[in-house]
Protein chains: 2
Amino acid sequence: MLKFSDRAQGLPASPIRKLVPFAEAAKDRGTNVFHLNIGQPDIETPPQFFEAIINSNMKVLAYSHSAGIESLREQIAAYYQRLGHSIDQGQVLVTTGASEALSFVFTALMNPGDEVIVPEPFYANYLSFALGKDGVIVPVTSSIEEDFALPPVEAFEAKITSKTRAILICNPGNPTGVLYPREALEKLAEIAKKHDLFLIADEVYREFAYDSNEHHSTLGLSGIEDNVIVIDSISKRFSACGARIGCIVTRNAELMQMVLKMAQARLSPPSFGQLGAEAVYQLPQSYYDGMVQEYASRRDLLKASLDQIEGVVCPEVNGAFYAMVRLPVANSEDFCQWMLEEFSYEGSTVMMAPGAGFYATPGNGNDEVRIAYVLNCEDLKKAMECLKHGLIAYANRQA
Amino acid sequence: MLKFSDRAQGLPASPIRKLVPFAEAAKDRGTNVFHLNIGQPDIETPPQFFEAIINSNMKVLAYSHSAGIESLREQIAAYYQRLGHSIDQGQVLVTTGASEALSFVFTALMNPGDEVIVPEPFYANYLSFALGKDGVIVPVTSSIEEDFALPPVEAFEAKITSKTRAILICNPGNPTGVLYPREALEKLAEIAKKHDLFLIADEVYREFAYDSNEHHSTLGLSGIEDNVIVIDSISKRFSACGARIGCIVTRNAELMQMVLKMAQARLSPPSFGQLGAEAVYQLPQSYYDGMVQEYASRRDLLKASLDQIEGVVCPEVNGAFYAMVRLPVANSEDFCQWMLEEFSYEGSTVMMAPGAGFYATPGNGNDEVRIAYVLNCEDLKKAMECLKHGLIAYANRQA
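Reading the values: rules and limits
Counting restarts for each chain, with residues numbered from 1 along the sequence as it is written. Chains carry letters from A onward and ligands carry numbers from 1 onward, assigned in written order. Confidence filtering applies because this is a predicted model: local features only for residues at pLDDT of at least 70, side-chain atom pairs given and counted only at 80 or more, and all residues used for totals across whole chains, interfaces and linings. Each side-chain value is worked out from all heavy atoms of the structure, with water and hydrogens disregarded. Secondary structure is summarised from DSSP: a helix means a run of H or I of at least four residues, a strand means a run of E of at least two, and numbering begins at the N terminus for each. Residues count as neighbours in contact if any of their non-hydrogen atoms are within 4.5 Å of one another. Buried area, as used here, totals the accessible surface that two parts lose on assembly, with accessibility defined by a 1.4 Å probe and the loss added over both. Criterion for a salt bridge: a side-chain nitrogen of Lys or Arg within 4 Å of a carboxyl oxygen of Asp or Glu. Each polar contact in these results corresponds to two N or O atoms within 3.5 Å; when the atoms are within protein, one needs to be able to donate a hydrogen and the other to accept it, and residues that are neighboring in sequence are counted only if both atoms are side-chain atoms. Each domain's extent is set by a domain assignment, obtained either automatically or from a database. Ten residues, namely Ala, Val, Leu, Ile, Met, Phe, Trp, Tyr, Cys and Pro, are considered nonpolar, four, namely Asp, Glu, Lys and Arg, are considered charged, and the remaining ones, Gly among them, are considered polar. For each residue, the accessible area found with a 1.4 Å probe, counting protein chains only, is set against the maximum for its type, and the residue is called buried under 20%, exposed over 50%, and partly exposed in between. At least two bridges found by DSSP between two strands are what make those strands a pair. By definition, the crossover connecting two strands over a helix is right-handed if that path, from the first strand to the second, turns clockwise as seen with the strands pointing away from the viewer.

**Points about the environment of Ser344(A)**
Residues and elements named next belong to chain A. As for its position among the elements, Ser344 is in the loop between α12 (332-341) and β10 (348-351). Taking the C-alpha atoms as reference points, Ser344 and Ile392, 48 residues apart in sequence, are found 12 Å from one another. Filtering out sequence-adjacent residues up to four positions away, Ser344 remains in contact with Thr31 and Thr349.

**As for the interface of chain B and chain A**
Counting from both sides, the interface comprises 79 residues of chain B and, opposite them, 79 residues of chain A. Its largest share of buried area at the contact with chain A, chain B owes to Leu2(B), Phe4(B) and Tyr63(B), together 12% of the area lost on that side. Linking chain B with chain A are 0 salt bridges, by the criterion used here. Where chain B meets chain A, there are 39 residue pairs in polar contact (both at pLDDT 80 or more). Secondary-structure elements contributing two or more residues to the side of chain B that touches chain A are α1 (6-10), α3 (47-54), α5 (97-109), α6 (125-132), α9 (253-265) and α10 (271-280) of chain B. At 7 residues, α9(B) tops the list of elements feeding residues into the side of chain B that touches chain A.

**Structural notes on the domain arrangement of chain A**
Residue and element names in this part refer to chain A. You can read the domains of chain A as domain 1 (6-44 + 286-398) and domain 2 (47-280). On a C-alpha basis, the centroid separation for the pair domain 1 and domain 2 is 25 Å. Tallying the contact residues gives 39 residues for domain 1 and 36 residues for domain 2. Carbon and sulfur atoms supply 60% of the area that domain 1 and domain 2 bury against each other, a total of about 3,300 Å² over both sides. Its largest share of buried area at the contact with domain 2, domain 1 owes to Arg7, Tyr288 and Asn318, together 18% of the area lost on that side. For the pair domain 1 and domain 2, the number of links is 3 salt bridges. A salt bridge links Asp134 to Arg7, with the shortest nitrogen-to-oxygen separation between them at 2.7 Å. On inspection of domain 1 and its partner domain 2, the count reaches 21 residue pairs in polar contact (both at pLDDT 80 or more). Ranked by residue count, the leading element in the side of domain 1 that touches domain 2 is helix α11 (residues 285-307), at 7 residues. Of the residues that constitute the side of domain 1 that touches domain 2, the class distribution is 24 nonpolar, 8 polar and 7 charged.

**Details of the pattern of salt bridges**
Residue and element names in this part refer to chain A. All told, the structure shown has 40 salt bridges over all chains when counted by the stated rule. Here Glu100 makes a salt bridge to Arg266, at a shortest N to O gap of 2.9 Å. With Glu100 in helix α5 (residues 97-109) and Arg266 in the loop between α9 (253-265) and α10 (271-280), this residue pair connects regions lying 166 residues apart in the sequence. For the pair Glu100 and Arg266, a shared accessibility class is recorded, and that class is buried. When salt bridges with common partners are traced through the structure, they connect Glu203, Arg206, Glu207, Asp232 and Arg237 into a single cluster.

**Re the pairing of strand β6 (residues 198-202) of chain B**
Residues and elements named next belong to chain B. Of all 5 residues in β6, 5 are buried; the element is thus mostly enclosed. The side-chain alternation of β6 yields two buried faces, one formed by Phe198, Ile200 and Asp202 and the other by Leu199 and Ala201. Taken together, the 5 bridges between strand β5 (residues 164-170) and β6 define a ladder with parallel strand orientation. Across the sheet, residue Ala166 finds its bridge partner in β6, namely Phe198. With helix α8 (residues 182-194) bridging β5 and its parallel neighbour β6, the resulting β-α-β unit is right-handed. In this structure, β6 lies alongside strand β7 (residues 228-233), joined through 4 bridges in parallel fashion. Each bridged residue has a counterpart across the sheet, and for Leu199 the counterpart in β7 is Val228.

Following this line, the structure appears as structure tokens:
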């Protein structure tokens, strides 16, 4: 019999995608599906992105530099400099999305069995990327009651073993929408430094900080320059998910050398996405302001709508475009599937991502869902109305 | 001290890229460098590729299906059907280049320490991809005297252990230019079947078969449908290296399910490359004929030129666009570096890939180089002239 690897057999199904067949069946029945399950923004990609590609007048679509086109790396470095961080283009390696960036970093840090500590709930694919290297994600649980605030450093320290290689955070948080205050990051930096751990920060939602909340990058932490690895992406910032352009940013030259070898083995990141990225990284601050304002309005609407539904707990959401929400159901996966299979309200239903897939601790998140507010306010309002009626119908069905 | 994984510390430098700094220095001195080191075709990408992208009129650059846009998968399946293979779109998974395809397949098959048997010399990045999964490449040596023909199956069988998971071939061969006859493939298939091994075939150079030689795909082998995994790419076929579009083709549904999970974790392949690929997969046979004719002329010129240089051994080359050539030098890496650092002829020098990096057996390939004939005949002629004079000067320098 043909044999597969243990890691491949253990790969979890994506919580974002596993219900897709039910959504497709719903659409086949003529039901409109509001997609709140995946972080695919509806916002238009800046026209400058497409113009750069159309005007490139390329004849031969060649490999680029393995670390990314140099002029793009310069634009990315200039972007971090504008944010106040001393980063040069040699400290930036362009990857095929943040996915590849994470995959390279895990390959660089983890021997089989090695551990990375991550506050849960976390971006579900961290699990797959770690498992792909036979690595282990060790969760530190944050709670909805505390708006998914960073757990105290003691909780992290309690999980550190001889196999721990890094602490990984996502800030602003997917799936939680949490923004970590500077003091919390400084405490985390302290224990990373003390225990010789890398501090990996997934900051792909950096600009998505609402109200008067400020995003603090790990690039701004002093004294642990060698430990910090930032994972970044243009997917959300420029609504360019299909470009597959991300990057690794680090001042650790040894790490950069290793990931460059991985980058050379896979030859180069996609050329078109790089061309477009170079253009949009030059957009003025006003571009971000408009986008953030739009998402803030959606966040307001979402929170206000959810707060009115009985039994629903929506924490404070200050960043990114997700909320991890508690529903009055015992099994949110069953509920999400039921919404797609059995329910519609005024011809529509809602697709959400079941919460358990965002936790590594078995049993956690069973009554939670992740909601991505990537629809315009009008649709989002209808989706919330639909969810409200769905919860009532689901409860009555069980009774 | 911060720790890195063993695999990252063991990653080899790419034989194709390691001399790049010397090439850049040569250019800085005003020397023209003929790039025969990397398989980057100079042929223009078909205009239909760019037109499809320009005409797409996209507003939101969204994630595509994780397995690739369905209409692209249909075109790819149709392409295999035209070649006589019963493949449907569910048996095709679009990847970010053949690089990702290989990486996914190795992840699916190899536990740490597991082995894949590969005839050497082989595409150097196989080593990096295997090492990235803590897997082991076990070489079976082929020889320049026999034009790098597939070694007898007994040589493969002798290497099979309880840890062997697959046999991997590249056909037509990079770096050898060898085309395997059908009978040799059938014998290989027999032992793959007998020992329950996957047979992975990297067929990205499928169309590059010269003279009356025919390419035989592993997809056409009967009785081992479940064992065969084809790795493919549009990079060479359509001169679209920067698109980063490849695919995995297999009739093994269980494998397909596993790689789909990996594909979902990294979200999707690049959207622009997929749009272009869908257009060029619809090109008529005449497109391939013209391209293959051009490369056949280059091959003729290369072989004739090399045969005239004293001490050089150029084997028969029937496919792909590489030749693994023996030079009258003890250390081809030293020679290649010297060509870039110390030598020029009529203002030019030649960059080649040192041979040792294409072997896993230490000591093999030290007097060989890989030459990629990706220049037009005029430049190729000049490059060969330059190489001839370089070899003489290098010999005199040593005397």
